[in-house]
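Here is what each chain is made of, one letter per residue.
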Amino acid sequence: MKVLLFGIAKDIIGASEFEVPAQPKHPSTVKELKDVLVVLFPEFGTLSSLAIAINSEYAEENALLYSTDEIAIIPPVSGG
């Protein structure tokens with residue numbers, strides 16, 4: 001399952017794309033994906049919010065994920 005990364009999410013992982021490990025299983029919901037990210041990259045747990053888009057649409061935590069989905073991680077944005 002490939003995930004596109006933006007902003008600080010890209011900085012945390014060190015790449016603009018990330019392949020979610022298939023073992024023990026791919027995450028099946030947005031919530032599970034967020035949990036996997038925090039386990040693999042604890043710095044994600046310090047972010048105030050983290051939006052996930054599935055096929056270019058923002059998704060709720062209970063949204064289902066499929067291996068064919070385009071998944072994007074969109075961190076909080078600040079500006080002045």
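This text follows the structure it describes.
**Here's the deal with the nonpolar core**
One broad trend across soluble globular proteins is that nonpolar side chains are buried collectively.
Line of reasoning, step 1. Counting 20 residues, the largest nonpolar core has Ile 13, Leu 33, Leu 37, Phe 44 and Ile 73 as the members making the most contacts within it.
Line of reasoning, step 2. Apart from the residues lying within four places of it in its own chain, the contact partners of Phe 44 are Ala 9, Ile 12, Ile 13, Leu 37, Val 38, Leu 50 and Ile 73.

**Comments concerning the sheet that holds strand 1 (residues 2–5)**
Line of reasoning, step 1. Taking strand neighbours across the sheet as the criterion, the 5 strands line up as 2-1-5-3-4 in an open arrangement whose pairing is mixed. On the outer flanks of this sheet lie strand 2 (17–19) and strand 4 (57–59), each paired with one strand and no other. Within this sheet the neighbouring strands show an average axis-to-axis angle of 35 degrees, counted without direction.
Line of reasoning, step 2. As paired elements, strand 3 (residues 51–54) and strand 5 (residues 71–74) share 4 bridges and run antiparallel to each other. Looking at the pairing, Ile 52 lines up with Ile 73 of strand 5.

**Some thoughts on helix 2 (residues 30–40)**
Line of reasoning, step 1. Listing the buried residues of helix 2 in full gives Val 30, Leu 33, Lys 34 and Leu 37. The buried residues of helix 2 occupy an angular sector of 100 degrees when the element is viewed end-on, so they sit on one face.
Line of reasoning, step 2. In this structure, the buried side of helix 2 is in contact with strand 1, helix 1 (7–13), strand 2, strand 3, strand 4 and strand 5.

**What about the side chain of Thr 29?**
Line of reasoning, step 1. Of note, Thr 29 is situated in the loop between strand 2 and helix 2.
Line of reasoning, step 2. Only 3.1 Å separates the side chain of Thr 29 from the backbone nitrogen of Glu 32, close enough to count as a polar contact.
Line of reasoning, step 3. Setting aside residues up to four positions removed in sequence, Thr 29 forms contacts with Glu 61, Asn 62, Ala 63, Leu 64 and Leu 65.

**Focus on the packing of aromatic side chains**
Line of reasoning, step 1. A complete count under the given rule lists 2 aromatic pairs for this structure.
Line of reasoning, step 2. With centroids separated by 5.4 Å and ring planes inclined at 80 degrees, the aromatic side chains of Phe 18 and Phe 41 adopt a geometry described as edge-to-face. Pair noted here: Phe 18 is in strand 2 and Phe 41 is in the loop between helix 2 and strand 3, with a separation of 23 residues, a long-range link. One exposure class covers both Phe 18 and Phe 41, and it is buried.
Line of reasoning, step 3. Geometrically, the ring pair formed by Phe 41 and Phe 44 is edge-to-face, given 6.2 Å between the ring centres and 80 degrees between the ring planes.
Line of reasoning, step 4. Classification of Phe 44 as buried rests on a relative accessible area of 4%.
Line of reasoning, step 5. Through a chain of ring-to-ring contacts, three or more aromatic side chains come together here, namely Phe 18, Phe 41 and Phe 44.

Each value, and the rule that gives it
Residues numbered from 1 in each chain as written. Predicted model: local features only at pLDDT ≥ 70, side-chain atom pairs only at ≥ 80, totals over all residues. Heavy atoms only, no water. Core = buried A, V, L, I, M, F, W, Y, C linked by side-chain atoms within 4.5 Å. Buried < 20%, exposed > 50% of the residue type's maximum accessible area, 1.4 Å probe, protein only. Contact = heavy atoms within 4.5 Å. Pairing = 2+ DSSP bridges. Helix = DSSP H or I, 4+ residues; strand = E, 2+ residues; numbered from the N terminus. Axes fitted to C-alpha atoms, helices over the stretch in contact; angles between N-to-C directions. Arc of directions from axis to C-beta. Polar contact = N/O pair within 3.5 Å; in protein donor to acceptor, adjacent residues only side chain to side chain. Phe/Tyr/Trp six-rings, centres within 6.5 Å; stacked < 30°, edge-to-face > 60°.

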